[in-house]
Amino acid sequence: MEELDKIAREPNTVVVSCEWGLNLDYLVDQIWEHLHLVRVYTKKRGEYPDFEEGIVLRSGATIEHVCHAVHRSLADNFRCALVWGTSAKHNPQKVGLHHAIQNEDVVQIVKKI
């Protein structure tokens, strides 16, 4: 146990037990934090957001990155986006391509007609 305690106090380490299921959620959180990843959810007009499958992007990503992750030509036909979440000043906020997104934001992209 002393050796385990010593390892746990080292920087950039996480002690887990697969047998007992201890600290597995913390391990996943630390992986996301150290890789600087964010998850963004998409929403279609008139529907609820799909929280089952998010888009995984690097921290500092913008709405333009979200458009490219959905489809390459989406940014060319972009009109605006509605954003719900911590990056929005109010819910929903109408934003442009250069709006920086944050973890677990919900994005609805509006195309030109």
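Considerations on the packing of aromatic side chains
Next, step 1: Under the defined criterion, the tally for this structure stands at 1 aromatic pair.
Next, step 2: Pairing Tyr-41 with Phe-51 gives two aromatic rings, centres 5.0 Å apart and planes at 70 degrees, and the pair type is edge-to-face. With Tyr-41 in strand β1 (residues 37-42) and Phe-51 in the loop between β1 and β2 (55-58), this pair connects stretches of sequence that are 10 residues apart.
Next, step 3: Tyr-41 sits in the buried class, given a relative accessible area of 8%.

Considering the state of the cysteines
Next, step 1: A full pass over the atoms with the stated rule returns 0 disulfides.
Next, step 2: The cysteine Cys-80 is free of any disulfide, with Cys-67 supplying the nearest cysteine sulfur at 10 Å.

Quick look at the environment of Val-107
Next, step 1: Counting through the fold element by element, Val-107 comes out in strand β5 (residues 106-111).
Next, step 2: Owing to a relative accessible area of 1%, Val-107 belongs among the buried residues under this scheme.
Next, step 3: Along the backbone, Val-107 and Pro-49 are 58 residues apart, and their C-alpha atoms lie at a distance of 8.5 Å.
Next, step 4: Ignoring anything within four residues of it in the chain, the contact list for Val-107 reads Val-40, Tyr-41, Thr-42, Lys-43, Ile-63, Val-66, Ala-81, Leu-82 and Val-83.

Focus on the nonpolar core
Next, step 1: In this structure, Leu-57, Ile-63, Val-66, Ile-101 and Val-107 are the most contacted members of the largest nonpolar core, which totals 17 residues.
Next, step 2: Every element with two or more residues in this core is listed here: β1, β2, α3 (63-70) and β3 (78-84).
Next, step 3: The contacts of Ile-63, once residues within four sequence positions are left out, are Phe-78, Ala-81, Val-83, Val-95, Gly-96, Leu-97, His-99, Ile-101 and Val-107.

Describing the environment of Tyr-41
Next, step 1: Taking C-alpha positions, Tyr-41 is 31 Å from Ser-17, a pair spaced 24 residues apart along the chain.
Next, step 2: Discounting residues that sit within four places of it in the chain, Tyr-41 has contacts with Asp-50, Phe-51, Glu-53, Gly-54, Glu-104, Asp-105, Val-106 and Val-107.

Observations concerning the layout of surface pockets
Next, step 1: Its boundaries defined by the atoms lining it, the largest pocket holds a volume of some 290 Å³.
Next, step 2: Thr-42, Lys-43, Lys-44, Arg-45, Val-70, Leu-74, Val-107, Gln-108, Ile-109, Val-110 and Lys-111 together form the lining of the largest pocket.
Next, step 3: Looking at the lining of the largest pocket, the element that brings in the most residues is β5, giving 5 residues.
Next, step 4: Each residue belonging to the lining of the largest pocket can be placed in one class, and the counts come to 5 nonpolar, 2 polar and 4 charged.

A closer look at the sheet that holds strand β4 (residues 93-95)
Next, step 1: Here we have 5 strands laid out as an open sheet, ordered β2-β1-β5-β3-β4, and mixed in their pairing. Here the strands that pair on one side only, and so sit at the sheet edges, are β2 and β4. Strand-to-strand twist across the sheet, computed as the mean angle between neighbouring axes with direction ignored, equals 35 degrees.
Next, step 2: Note that β3 and β4 share 3 bridges and pair antiparallel. Each residue of the ladder has a partner; that of Val-83, found in β4, is Gln-93.
Next, step 3: Each of β1, β2, β3, β4 and β5 is contacted by α3, which is oriented at about 135 degrees to β2, the strand it contacts most.

A few points about the pairing of β2
Next, step 1: Residues Ile-55 and Leu-57 line the buried face of β2, whereas the alternating positions Val-56 and Arg-58 sit on a face that is not buried.
Next, step 2: Examined bridge by bridge, β1 and β2 share 4 bridges and lie antiparallel to one another. Along β2, the bridge assignment pairs Arg-39 with Val-56.

Conventions and cut-offs
Think of each chain on its own: its residues are numbered from 1, step by step along the sequence as written. The predicted nature of this model means local features are confined to residues of pLDDT at least 70 and side-chain atom pairs, given and counted, to a pLDDT of 80 or more, with totals for whole chains, interfaces and linings taken over all residues. For the side-chain quantities, the full set of heavy atoms in the structure was used; hydrogens and water were omitted. In this analysis, rings of Phe, Tyr and Trp, with Trp reduced to its six-membered ring, are considered paired at centre separations within 6.5 Å, and the interplanar angle assigns stacked below 30 degrees, edge-to-face beyond 60, and tilted for intermediate values. Helix and strand assignments come from DSSP, with helices taken as H or I runs of at least 4 residues and strands as E runs of at least 2, each series counted from the N terminus. For every residue, the accessible area (1.4 Å probe, protein chains only) is compared with the maximum for its type, and the residue is labelled buried under 20%, exposed over 50%, or partly exposed between those bounds. Note that a disulfide, as used here, is simply two cysteine sulfur atoms within 2.5 Å. By the convention used here, residues are in contact when the closest approach between their heavy atoms is within 4.5 Å. By nonpolar core is meant a set of buried Ala, Val, Leu, Ile, Met, Phe, Trp, Tyr and Cys residues that side-chain atoms within 4.5 Å join together. Residues are said to line a cavity or pocket when one of their atoms sits within 4 Å of a point; the points come from a 1 Å grid over protein atoms alone, cavities being sets where a 1.4 Å probe fits but cannot get out and pockets being open sets with protein on both sides within 12 Å along at least five of seven lines. Grid points are joined across faces, edges and corners, and a volume is the space filled by probe spheres set on the points. Following the grouping adopted for this structure description, the nonpolar residues are Ala, Val, Leu, Ile, Met, Phe, Trp, Tyr, Cys and Pro, the charged ones are Asp, Glu, Lys and Arg, and the polar ones are all others, Gly among them. Strand pairing is assigned whenever DSSP detects at least two bridges linking the two strands. With axes taken as lines fitted to C-alpha atoms, and helix axes fitted only over the stretch in contact, angles between N-to-C directions fall between 0 and 180 degrees.

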